[in-house]
Protein chains: 2
Amino acid sequence: MEFRALWDEIAAIGKEPTGYLRYAWTEPELALRTWFRAQAGQRDLAVEEDGNGNLFAWWNPSAEPGVLTGSHFDSVPHGGAYDGPLGIVSALLAVDELRARGVRPARPVGVAVFAEEEGSRFGLACLGSRLLTGAVAPEAAAALRDRDGVTLAEAAGGVPKGHRPDLLARISSFVELHIEQGRALTVPVGVASAIWPHGRWRIDFAGEGNHAGTTLMSDRHDPMLTFAYTVLAANKEARLRGAHATIGRVSVEPNATNAIPARVSAWLDARAADASVVDDLVAAVTARASERATRDGTRVQLTPESLSGETAFDVALRDRIAERLGGVPVLATGAGHDAGVLSAHVPTAMLFVRNPSGVSHSPAETASDDDCIEGVRALADVLEDLAC
Amino acid sequence: MEFRALWDEIAAIGKEPTGYLRYAWTEPELALRTWFRAQAGQRDLAVEEDGNGNLFAWWNPSAEPGVLTGSHFDSVPHGGAYDGPLGIVSALLAVDELRARGVRPARPVGVAVFAEEEGSRFGLACLGSRLLTGAVAPEAAAALRDRDGVTLAEAAGGVPKGHRPDLLARISSFVELHIEQGRALTVPVGVASAIWPHGRWRIDFAGEGNHAGTTLMSDRHDPMLTFAYTVLAANKEARLRGAHATIGRVSVEPNATNAIPARVSAWLDARAADASVVDDLVAAVTARASERATRDGTRVQLTPESLSGETAFDVALRDRIAERLGGVPVLATGAGHDAGVLSAHVPTAMLFVRNPSGVSHSPAETASDDDCIEGVRALADVLEDLAC
């Protein structure tokens with residue numbers, strides 16, 4: 001199987017010294033879509049766009065529901081090569097593998113490319129699959145702005161079509177192959193059980209901007225202190241609960257060396273195996289931030305930006321896949337995926353490919369070619385099982 | 001005296017809803033320079049540029065050394081109206097006041113506009129006065145870059161001329177009027193004793209970028225934690241020493257909600273009445289940051305960006321001014337000024353105008369018109385005393 005040859009065709013697209021920059025509807029991501037359409041054409045797959053930025057390339061399209069696989073091209077800022085694209089390249093290679101095996105599927109097999117999975121450009125993760133499934137209103141999505149003030153409607157060339165029940169009705173099941181994002185997998189391939197509940201909160205810390213040199217320490221209302229305390233509190237409260245809390249994005253005003261900030265905004269990412277633990281964690285972080293704000297003479301406000309309950313993948317499909325693949329491990333993940341969004345509408349499963357570094361959302365993310373080839377074979381096995 | 005009329009002429013230049021944006025060599029600051037040249041022309045003051053971006057408008061220029069006053073137009077990001085421009089507007093009005101009094105100075109009186117005092121664009125405070133006095137090499141200054149990557153040479157239209165001993169020899173004394181930047185002044189006008197020693201350090205925290213959802217808390221090397229701990233430690237160590245420490249500028253990579261940062265950079269501004277206290281403070285912050293980095297599995301590095309020892313203004317000049325003004329208060333300041341740079345070369349003094357809010361480097365900075373008018377009268381008194 002020519003994994004490396006196909007993989008290398010896209011390896012340079014959007015690659016910067018600091019990692020991949022493949023934001024949705026930017027030049028690198030559009031180049032990847034163009035490449036995908038060409039690959040689909042070479043394989044006689046019929047490509048359709050759903051009006052939400054998602055692409056579907058069908059082998060033997062028909063009125064009968066088909067088995068869909070695929071993932072996304074877009075990256076986090078300075079991300080890795082595998083998160084997303086591995087699922088699309090593996091899907092194309094799985095089609096090749098099935099043909100090489102002489103398989104003639106009884107139902108359509110489709111390869112999907114979902115738009116803005118990471119939410120890195122417009123702030124809402126799984127935007128393409130949320131639009132497709134009606135989980136977000138097209139008008140609301142159209143008005144989202146990136147950091148440069150560009151709206152999604154401007155970037156995507158119009159207001160999205162939104163909910164496409166007609167298209168969902170043509171999907172009998174969805175299987176997304178994805179690189180594992182921790183170190184939980186010690187064999188080449190595993191299958192997902194569930195996605196942890198998770199949410200994103202914006203935390204605004206407001207104080208009094210002032211001169212760094214002349215303002216007495218006792219006169220300060222420095223929101224950076226409240227922010228810093230909250231970072232440490234979120235970490236501690238998450239560890240106490242076996243949950244995950246991260247503050248990885250910060251914005252400071254005026255962000256000058258010689259000025260006490262007037263405002264610090266930060267984003268809290270919180271996840272746990274159980275939704276009540278996430279709620280409890282966020283309540284504890286809020287309480288501790290508020291206490292510290294009183295001490296600092298600052299103000300703090302939490303605003304939820306996105307919330308997702310637990311996603312349990314289809315149990316029958318998961319067991320069928322695990323059995324078909326000879327008893328591969330079944331594992332939960334803390335990461336969101338388009339598969340999580342689709343799972344509320346069609347029987348959905350995920351395959352994971354081993355990530356020896358356990359690093360994700362970073363250029364240090366890695367997978368061996370051998371494991372990726374194992375992933376393609378496993379995906380081909382699953383598609384053959386489901387489509388024949 | 002028409003303080004308000006002249007003040008209102010520049011009030012709108014560079015004013016944004018969030019405060020003033022008057023960075024050196026940007027459109028608003030250049031508009032202020034154009035306005036200054038026109039004002040100098042109306043007063044028959046001869047304007048010269050020193051090849052470093054500094055302007056000098058001389059009343060009765062001659063070979064004899066003259067009394068110089070003035071300040072700067074550039075602002076911090078989202079700064080106030082008074083920090084800098086008050087000293088220039090007051091200087092122009094003091095010339096008017098002397099003429100209204102019928103004063104015929106025996107030596108030249110000059111009004112100066114210094115470039116990039118805040119260091120908000122190219123990172124080095126008092127850049128214009130440092131170039132003029134040879135405190136920074138013109139080639140080094142020319143290569144400084146702003147946040148967009150533009151070099152100072154590109155912004156200023158060439159490599160600065162640097163040290164101008166010929167021009168310094170023509171200054172018998174320098175008096176800068178400036179808004180007070182704390183709440184230390186309870187009468188309209190005061191005179192400066194000294195500027196606290198201060199420095200700026202860049203602190204780089206390096207960890208391992210990773211996925212916020214899938215990375216176990218125990219597997220993380222999160223530089224945001226080390227940074228947050230350092231913010232709180234710097235505040236505590238400064239308070240223990242009666243010093244000032246501020247971390248007001250932060251940069252995060254990749255700065256994404258769902259990514260543990262790979263790197264956080266922060267800038268520490270540290271000041272105290274005594275240089276040994278600043279050294280001790282920074283040593284303590286470094287030690288505590290390093291301890292925490294060991295715990296977090298991250299790396300931390302401090303790099304000094306600028307260091308200034310204590311600046312004691314000319315004692316004879318200070319006493320002469322305080323006496324001339326009828327015994328105004330004498331006070332030290334934690335803020336750097338072009339007057340501090342010039343004081344190593346010519347007898348230098350500063351007048352402060354009361355700031356009721358005590359707020360500085362913020363649009364909340366304020367001074368009453370009555371106090372500003374008192375400031376102009378005091379400056380005129382001092383110039384009359386020194387130039388006649």
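Counting restarts for each chain: residues are numbered from 1 in the order of the written sequence. Chain labels run from A onward and ligand labels from 1 onward, assigned in the order the entries are written. Reporting of local features is limited, given that this is a predicted model, to residues whose pLDDT is at least 70; pairs of side-chain atoms are given and counted only at 80 or more, and all residues count toward the totals for whole chains, interfaces and linings. To get the side-chain values, all heavy atoms of the structure are used, and hydrogens and water are removed first.

1. Points about the interface of chain B and chain A
The line we're drawing: When checking whether two residues touch, look at their non-hydrogen atoms; a contact exists if any pair is within 4.5 Å. By buried area we mean how much accessible surface two parts lose on assembly, using a 1.4 Å probe and totalling the loss over both. By definition, a salt bridge exists where a carboxyl oxygen of Asp or Glu is found within 4 Å of a side-chain nitrogen of Lys or Arg. Pairing of N or O atoms within 3.5 Å defines a polar contact, subject to two protein rules: one partner must be a possible hydrogen donor and the other a possible acceptor, and residues neighboring in sequence count only if both atoms are side-chain atoms. Helix and strand definitions follow DSSP, with helices as H or I runs of at least four residues and strands as E runs of at least two, each counted in order from the N terminus. Amino acids outside the nonpolar list (Ala, Val, Leu, Ile, Met, Phe, Trp, Tyr, Cys, Pro) and the charged list (Asp, Glu, Lys, Arg) are all regarded as polar, and Gly is one of them.
In this complex, chain B contributes 60 residues to the contact, which on the side of chain A involves 60 residues. Between chain B and chain A, a total of about 5100 Å² is buried, with carbon and sulfur atoms accounting for 57% of that surface. There are two salt bridges connecting chain B and chain A. Among the ionic pairs, B:D219 bridges to A:R183, the shortest N-O distance being 2.9 Å. Connecting chain B to chain A are 24 residue pairs in polar contact (both at pLDDT 80 or more). Elements supplying a minimum of two residues to the side of chain B that touches chain A: β10 (210-211), α8 (223-241), β11 (244-253), β12 (259-260) and β13 (263-271) of chain B. Here the element with the most residues in the side of chain B that touches chain A is α8(B); it accounts for 10 residues. Residue composition of the side of chain B that touches chain A, by class: 26 nonpolar, 22 polar and 12 charged.

2. Points about the sheet that holds strand β11 (residues 244-253) of chain A
In a beta sheet, neighbouring strands pair by backbone hydrogen bonds and run either parallel or antiparallel. Residue and element names in this part refer to chain A. Applicable threshold: Here the rule is simple: two strands pair whenever DSSP picks up at least two bridges between them. Fitted lines through C-alpha atoms give the axes, limited to the stretch in contact for helices. The angle between two N-to-C directions lies from 0 to 180 degrees.
If you trace the four strands from one edge of the open sheet to the other, you get β11-β13-β9-β14, paired in antiparallel fashion. Where the open sheet ends on each side, the last strands, each with one partner, are β11 and β14 (299-308). Looking at each pair of strands side by side, their axes are set apart by 20° on average, direction ignored. Where strand β9 (residues 198-206) and strand β13 (residues 263-271) come together, nine bridges link them in antiparallel fashion. By the bridge assignment for β13, F205 is matched with V264.

3. Some points on the pairing of β11(A)
All names here are of chain A. Threshold: Exposure classes here rest on a 1.4 Å probe applied to the protein chains alone. A residue is buried below 20% of its type maximum, exposed above 50%, and partly exposed in between.
Within β11, seven of the 10 residues are buried, which leaves it mostly tucked inside the rest of the structure. Across nine bridges, the pairing between β11 and β13 is antiparallel. Counted as the bridge partner of H244 is R271 from β13.

4. Re the relation of the copies chain B and chain A
Heads up, the condition is: The atoms used to superpose the copies are C-alpha atoms, taken from residues with pLDDT of at least 70 in both, and the fit is least squares.
With an RMSD of 0.1 Å, the fit of chain B onto chain A corresponds to turning through 180° and sliding 0.0 Å along the axis. On this basis, the relationship between the two copies can be described by a two-fold rotation axis. Closest to the rotation axis within chain B is the C-alpha of B:A228, separated from it by 2.2 Å. Mapped onto chain A, 100% of the interface residues of chain B are again interface residues, and the two copies thus contact each other with one and the same surface.

5. Some details on the environment of B:V95
Residue and element names in this part refer to chain B. Within the secondary structure layout, V95 lies in helix α3 (residues 85-100). Between the C-alpha atoms of V95 and G110, which are 15 residues apart in sequence, the distance is 9.1 Å. Beyond its immediate chain neighbours, meaning those up to four positions away, V95 contacts L45, W59 and V111.

6. Topic: the domain arrangement of chain A
Residue and element names in this part refer to chain A. The following threshold applies: Bear in mind that the domain bounds are from an automatic or database domain assignment.
Split into domains, chain A comes out as domain 1 (3-196 + 310-387) and domain 2 (198-308). Distance between the C-alpha centres of domain 1 and domain 2: 33 Å. On the side of domain 2, 10 residues touch domain 1, which itself brings 12 residues to the contact. Both sides of the domain 1 and domain 2 interface together cover about 900 Å² of buried area, and 45% of this is carbon and sulfur. The largest per-residue losses of area from domain 1 upon contact with domain 2 belong to R147, W196 and E310, which jointly make up 57% of the total buried on that side. Taken together, the connections running from domain 1 to domain 2 amount to zero salt bridges. Where domain 1 meets domain 2, there are two residue pairs in polar contact (both at pLDDT 80 or more). When its residues are assigned to classes, the side of domain 1 that touches domain 2 shows four nonpolar, four polar and four charged.

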